[in-house]
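# Chains, contacts and geometry: an overview
Read off the chains here:
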Amino acid sequence: MVTKTRSIFFTYLRRDLLISYRRRGETIGPAIFFVMATTLVPLALSPEAESLRGIAAGIIWVMALFATLLSVENVFASDFKDGSLEQLLIGPNLLVMPVLGKVMAHWLTTGVPLAIISPILGLMLSLPSEAFIPLVASLALGTASLSLIGALGAALTVSLQKGGLLLTLIVMPLYIPIIIFGSATAQYGIDGFTWTGPLAILGVLFAVVMVLCPLAIAGILRLTTIT
Amino acid sequence: MDWNWFHRMGSPRWFYLVTSRWMPWLSAATLILLVTGLVWGMGFAPEDARQGNSFRIIYLHVPAAFLALAGYFLMAAAGAVGLIWKMKLSYMVMKCAAPIGAALTFVALFTGAVWGKPTWGSYWVWDARVTSMLILFFLYVGVMALRNAFHSQEAGNKASAVLALVGTVNIPIIYKSVDWWFTLHQPSTIKLTSAPTMHPDMFQPLLVMILGFYCFYALALLLSVRVEILKRERKTAWVREIVGEHLTLKDSGLR
Amino acid sequence: MKFQFENLPDFIAMDGHGFYVWAAVIVAALISAWLIISPLIRLRQVIKDIAQEVAIENIHKSEGEGSK
């Protein structure tokens, strides 16, 4: 028997996935940005494998971070505009489950594609082959944290008009630990160290974020959208 | 337990009247401590064996950095009190603490940069402390920007209070991460302040400056909060009475 | 404890580090001064504003009474 809380989670997961599918053009935006922005780097720097190899992992991670930031607003923005967010808040249920469902949908449509595409970009930036697996692993795990923290920022700015830039500003400092350990995982792969080390730290960060963020987001939505 | 004192503290009027008595003492203490500490540190403390006289900047850099960090926690705590007990006064303190903390963070960054040039050859070094200071600055700016973005003051207060708390949780995490990242790329760790084994002749003026900066922070914060109280409570009789007093003082040429 | 420098020019020169030390002192002093002066300026403005509001209210009150 499926418990009520779990079915709410899946309801909202499915709902947001469906909405993302219906707006396919918008949904693949982050992936396209990811590829295009990464392409700029050799054009701006140099096409030589030597110079790209050292920074490839970091560049890919930074671009993934930007791509996530671009799309995370949508977790709550469209629902806020058409009133369904308010409906959700008025309801008697726990907010945590719907929030988790929506954030997971975001990760599935943003973070996971980014992780999957990253080897191609790695190829373009002369990323050494030893780094591919750690890169994908770090992106898959790290973007989950990025989605959760980004959703926190999105919840804070959901009722604002020009929320986008402010969202970037407030979320950036919070992203720093994730990007440090995320790109380090790939870098360790290149340098031959055990990359499962930083990956484990990434996992710890994810655990912390996973527990705290949904609660914080639920609280924020209640506090700031019904005044 | 009698919590009356706590809720009384939340009354802006009570706060204003009580702090009125402290202000002259606080101003005096601030002035004395800062002037003493500065003169002592600039002129009388011995110079550092390795760094020479540029090390004197420590008497500005460390207290500013200290207060910048402490100020953030104070701001977040004020936000928490505001969220939990819905105290208007607490939100006022949070609002006023933000720009003061941001300014002190900037002072810490500037003095740190200027200290770095003669000592380690460059104005900027991406070590853990400096980088964390920079991130602290961004955290401050974020809280201020978020608060100002809302039309409703109440929503703005709540949102920025939550953000301040989230930042508080993050500060140790960010520091640890940046520290790890920096030592990863720089095996020879650079220590930006002289080791804790500082000669007492150098340490005493630093203590004075830290105390002085604490008083300075309190002074700046109280001045700001008191103005804010007058602004918010402008319609009340007690505020108008105080305004009247200020005006008659001015008219009689005592100001 | 003695004064560490021979004379005033030496004090300002700080053994070659003078530019850095005094730049730090001046910037810190300016910003700190601003943190104190700014609320004082705001205080003056608030007092002026409130006094004006009271004056306007009094005019309205006396007008109201006059028209009775």
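Remember, predicted model here, so these are calculated numbers, not experimental data. (Residues numbered from 1 in each chain as written. Chains lettered and ligands numbered in written order. Predicted model: local features only at pLDDT ≥ 70, side-chain atom pairs only at ≥ 80, totals over all residues.)

### Let's talk about the overall build of chain C
- Looking only at helices and strands, chain C features 2 helices and 0 strands.
- With respect to the three principal axes, the spread of C-alpha positions in chain C is 80 × 20 × 15 Å.
- The buried share of chain C, reckoned over its 68 residues, is 18%. (Helix = DSSP H or I, 4+ residues; strand = E, 2+ residues; numbered from the N terminus. Buried ≥ 20, exposed ≤ 12 C-beta atoms within 10 Å, placed from the backbone.)

### Regarding the overall build of chain A
- Helix and strand counts for chain A stand at 11 helices and 0 strands.
- In chain A, the succession of helices and strands from N to C terminus is α-α-α-α-α-α-α-α-α-α-α.
- Here chain A has a C-alpha radius of gyration of 18 Å; the compact-globule value for 227 residues is 17 Å, and the two agree.
- Along the longest, intermediate and shortest principal axes, the C-alpha atoms of chain A span 60 × 35 × 30 Å.
- Going through the 227 residues of chain A one by one, you find that 47% of them count as buried.
- At a minimum sequence separation of 6, the contacts of chain A that also span at least 24 residues come to 83%. (Rg over C-alpha atoms; globule rule 2.2 N^0.38 Å. Contact = placed C-beta atoms within 7 Å.)

### Overview of the confidence of the model for chain C
- Chain-level pLDDT for chain C is 86 on average; 94% of the residues reach the 70-or-more range.
- Predicted complex metrics record ipTM = 0.87 and pTM = 0.89. (pLDDT = per-residue confidence, 0-100.)

### Some words on the interface of chain A and chain B
- Contacts between the two partners involve 20 residues from chain A, matched on the other side by 24 residues from chain B.
- Contributions of two or more residues to the side of chain A that touches chain B are made by α9 (132–157), α10 (163–191) and α11 (196–225) of chain A.
- Of all the elements, α10(A) adds the most residues to the side of chain A that touches chain B, at 11 residues.
- Counted by class, the side of chain A that touches chain B contains 17 nonpolar, 3 polar and no charged residues. (Nonpolar A, V, L, I, M, F, W, Y, C, P; charged D, E, K, R; others polar.)

### What to know about the packing of helix α3 (residues 58–85) of chain B against helix α6 (residues 153–185) of chain B
Residue and element names in this part refer to chain B.
- Two numbers describe how α3 lies on α6: the axes approach to 8 Å, and their chain directions differ by 130°. One way to sum up the angle between α3 and α6 is to call them oblique. When you trace α3 past α6, the crossing you get is left-handed. Judged by residue contacts, F73, M75, A76, G79, A80, G82 and L83 of α3 engage N157, K158, S160, A161, A164, L165, G167 and T168 from α6.
- Each residue belonging to the contact of α3 with α6 can be placed in one class, and the counts come to 8 nonpolar, 6 polar and 1 charged. (Axes fitted to C-alpha atoms, helices over the stretch in contact; angles between N-to-C directions. Parallel < 35°, antiparallel > 145°, perpendicular 65-115°, else oblique. Left-handed = near helix turned anticlockwise from the far one by under 90°.)

### A closer look at the nonpolar core
- Grouped together as the largest cluster of nonpolar side chains are 156 residues, with contacts concentrated most on A:I60, A:A151, A:L152, A:A155, B:A64 and B:A97.
- The contacts of A:A155, once residues within four sequence positions are left out, are A:F76, A:I217, A:I220 and A:L221. (Core = buried A, V, L, I, M, F, W, Y, C linked by C-beta atoms within 7 Å.)

### Considering the environment of A:P42
- In this structure, A:P42 sits in helix α3 (residues 29–44).
- Excluding residues within four positions of it along the chain, A:P42 makes contact with A:P47, A:L52 and A:L125.

### A closer look at the interface of chain B and chain C
- Across the contact, 36 residues belong to chain B and 29 residues belong to chain C.
- Broken down by secondary-structure element, the contributors of at least two residues to the side of chain B that touches chain C are α2 (12–44), α3, α4 (88–120), α7 (200–232) and α8 (237–251) of chain B.
- Taken together, the residues of the side of chain B that touches chain C break down into 22 nonpolar, 7 polar and 7 charged.

### Some words on unusual backbone geometry
- Its identity as a non-glycine residue notwithstanding, A:S126 has a phi of 60°, on the positive side.
- Structurally, the position occupied by A:S126 is in the loop between α8 (111–124) and α9.
- Within the chain, B:K86 stands out as a residue other than glycine whose phi angle is a positive 55°.
- Judged by local crowding, B:K86 falls into the partly exposed class, with 13 C-beta atoms found within 10 Å.

### Considering the packing of helix α7 (residues 96–109) of chain A against α11(A)
Residues and elements named next belong to chain A.
- It is the contact of α7 with α11, at a shortest axis distance of 9 Å, that shows an interaxial angle of 115°. The orientation of α7 relative to α11 falls into the category roughly perpendicular. Crossing of α7 over α11 shows right-handed handedness. Here α7 contributes V96, V99 and L100 to the contact with α11, which in turn contributes P214, L215, I217 and A218.

### Examining α7(A)
All names here are of chain A.
- For α7, built from 14 residues, the straight-helix expectation of 20 Å at 1.5 Å per residue is met to within 8% by its first-to-last C-alpha distance of 20 Å.
- Across the 14 residues of α7, 12 count as buried, placing the element largely inside the fold.
- Those residues of α7 that fall on the buried side of the exposure criterion are M97, P98, V99, L100, G101, K102, V103, M104, A105, H106, W107 and T109. (Expected span 1.5 Å × (residues − 1).)

### Brief notes about the environment of B:R21
Residue and element names in this part refer to chain B.
- Tracing the chain through its elements places R21 in helix α2.
- Using a count of 9 C-beta atoms within 10 Å as the deciding quantity, one classes R21 as exposed.
- Taking C-alpha positions, R21 is 22 Å from M94, a pair spaced 73 residues apart along the chain.

### A short note on α8(A)
Residues and elements named next belong to chain A.
- Along its 14 residues, α8 runs 20 Å from first to last C-alpha, staying within 8% of the 20 Å computed at 1.5 Å per residue.
- Taking the largest bend as the criterion, α8 deviates by roughly 40°, centred on S118, and proline P119 comes between one and four positions later.
- Those residues of α8 lying buried are G111, L114, A115, I117, S118, L121 and G122.
- In this fold, the buried residues of α8 make contact with α3, α4 (49–72), α7 and α9.
- Taken from the residues just after α8, S126 is the one with a positive phi, measuring 60°. (Bend = angle between axes of the 7 residues up to and from the residue.)

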